[in-house]
Amino acid sequence: MRLVFCFVALLLAQTALGSERAGTIKTSQGSAYIVRAGDKLPADPGEPVMVSDSIQTGSNGTVGITLMDDTRLTAGPDSTLELRRFVFDTTTHAGSLDASVKRGSLAVISGKIAKTNPENVSFSTSAVTLGVRGTRFIIQTNQ
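Described below are features of the structure shown in this document. The written sequence of each chain sets the order in which its residues are numbered from 1. With pLDDT at 70 or above as the cut-off, local features in this predicted model cover only qualifying residues; side-chain atom pairs require 80 or more to be listed or tallied, and sums for whole chains, interfaces and linings still use all residues. As a rule here, side-chain values cover all heavy atoms of the structure and leave hydrogens and water aside.

## Describing the overall build of the chain
By the criteria applied, helices consist of DSSP H or I runs no shorter than four residues and strands consist of E runs no shorter than two, each listed in order from the N terminus. In terms of helices and strands, the chain carries 2 helices and 12 strands. Going residue by residue from the N terminus, the α and β elements of the chain occur as α-β-β-β-β-β-β-β-β-β-α-β-β-β. Burial classification: accessible surface area is computed with a 1.4 Å probe over protein chains only, and a residue below 20% of its type maximum counts as buried, one above 50% as exposed, and the rest as partly exposed. Per-residue burial over the chain gives 39% buried out of 143 residues. In this analysis, two residues are considered to be in contact whenever any of their non-hydrogen atoms come within 4.5 Å of each other. Taking all contacts inside the chain whose residues are at least 6 apart in sequence as the whole, residues at least 24 apart take part in 51%.

Dropping the structure here:
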């Protein structure tokens, strides 16, 4: 009985950890980092992007991210992107996405969440919060 309980607890822990994964770094050039729980990690292609990660690029850096719902994000040089919330149901395509551009630029190609529930997708800067109603847009902030 204890073995069954331990196995179930392990599965639940893995599910909880796995549920925080939002996507993957697809491309990276120059100086690009993932800041996770205070650690600065290289944003190399194939690295996971987790909910609450901050993506930072230097003056020569760019990074491309594909989220699990096929949303594509491209951060330009001198950018900081924070992924505040990402939830996605692969069966129904329901979910929500909330990200913040602290500085720099971000190009977005909307994925399945925006196509199914556009009201659940938002991007913000220090000056404005954008609701997604289209499929492609660029955010630029001078912060």
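## Digging into the environment of Val101
Mapped onto the elements of the fold, Val101 is located in strand 9 (residues 95-109). The exposure class of Val101 is buried, given its relative accessible area of 2%. Separated by 39 residues in sequence, Val101 and Gln140 place their C-alpha atoms 8.2 Å apart. Not counting residues within four places of it along the chain, the set of residues in contact with Val101 comprises Thr80, Leu81, Leu106, Ser124, Thr125, Ile139 and Thr141.

## A closer look at the nonpolar core
By size, the foremost hydrophobic cluster in this structure holds 27 residues, and its most contacted members are Ile65, Phe86 and Phe123. Of all the elements in the fold, those that place two or more residues in this core are strand 1 (21-29), strand 2 (32-36), strand 6 (62-67), strand 7 (72-75), strand 8 (80-88), strand 9, helix 2 (112-116) and strand 10 (121-124). Of the residues forming this core, the biggest block, 5 residues, is contributed by strand 9. By nonpolar core is meant a set of buried Ala, Val, Leu, Ile, Met, Phe, Trp, Tyr and Cys residues that side-chain atoms within 4.5 Å join together.

## Examining the packing of aromatic side chains
Any pair of Phe, Tyr and Trp rings, taking the six-membered ring for Trp, is counted once the centres come within 6.5 Å. Such a pair is stacked with planes under 30 degrees apart, edge-to-face with planes over 60 apart, and tilted for the rest. The final tally for this structure, using the stated rule, is 1 aromatic pair. Just above the ring of Tyr33 sits the side chain of Lys40; from NZ or CZ to the centre is 4.5 Å. Should the NZ of a Lys or the CZ of an Arg lie within 6 Å of a ring centre and within 35 degrees of the ring normal, that charge is described as sitting over the ring.

## A closer look at the pattern of salt bridges
By definition here, a salt bridge exists when the distance from a side-chain nitrogen of Lys or Arg to a carboxyl oxygen of Asp or Glu is within 4 Å. Throughout the structure, instances matching the rule amount to 5 salt bridges. Residue Asp70 is joined to Lys112 by a salt bridge in which the shortest nitrogen-to-oxygen separation is 3.1 Å. Taken as a pair, Asp70 in the loop between strand 6 and strand 7 and Lys112 in helix 2 lie far apart in primary sequence, 42 residues in all. For Lys112, a relative accessible area of 29% translates into the label partly exposed. The salt bridge partner of Lys102 is Glu82, with a shortest N-O separation of 4.0 Å. Linking Lys102 in strand 9 with Glu82 in strand 8, this pair joins segments that are 20 residues apart in sequence. With a relative accessible area of 28%, Glu82 lands in the partly exposed category.

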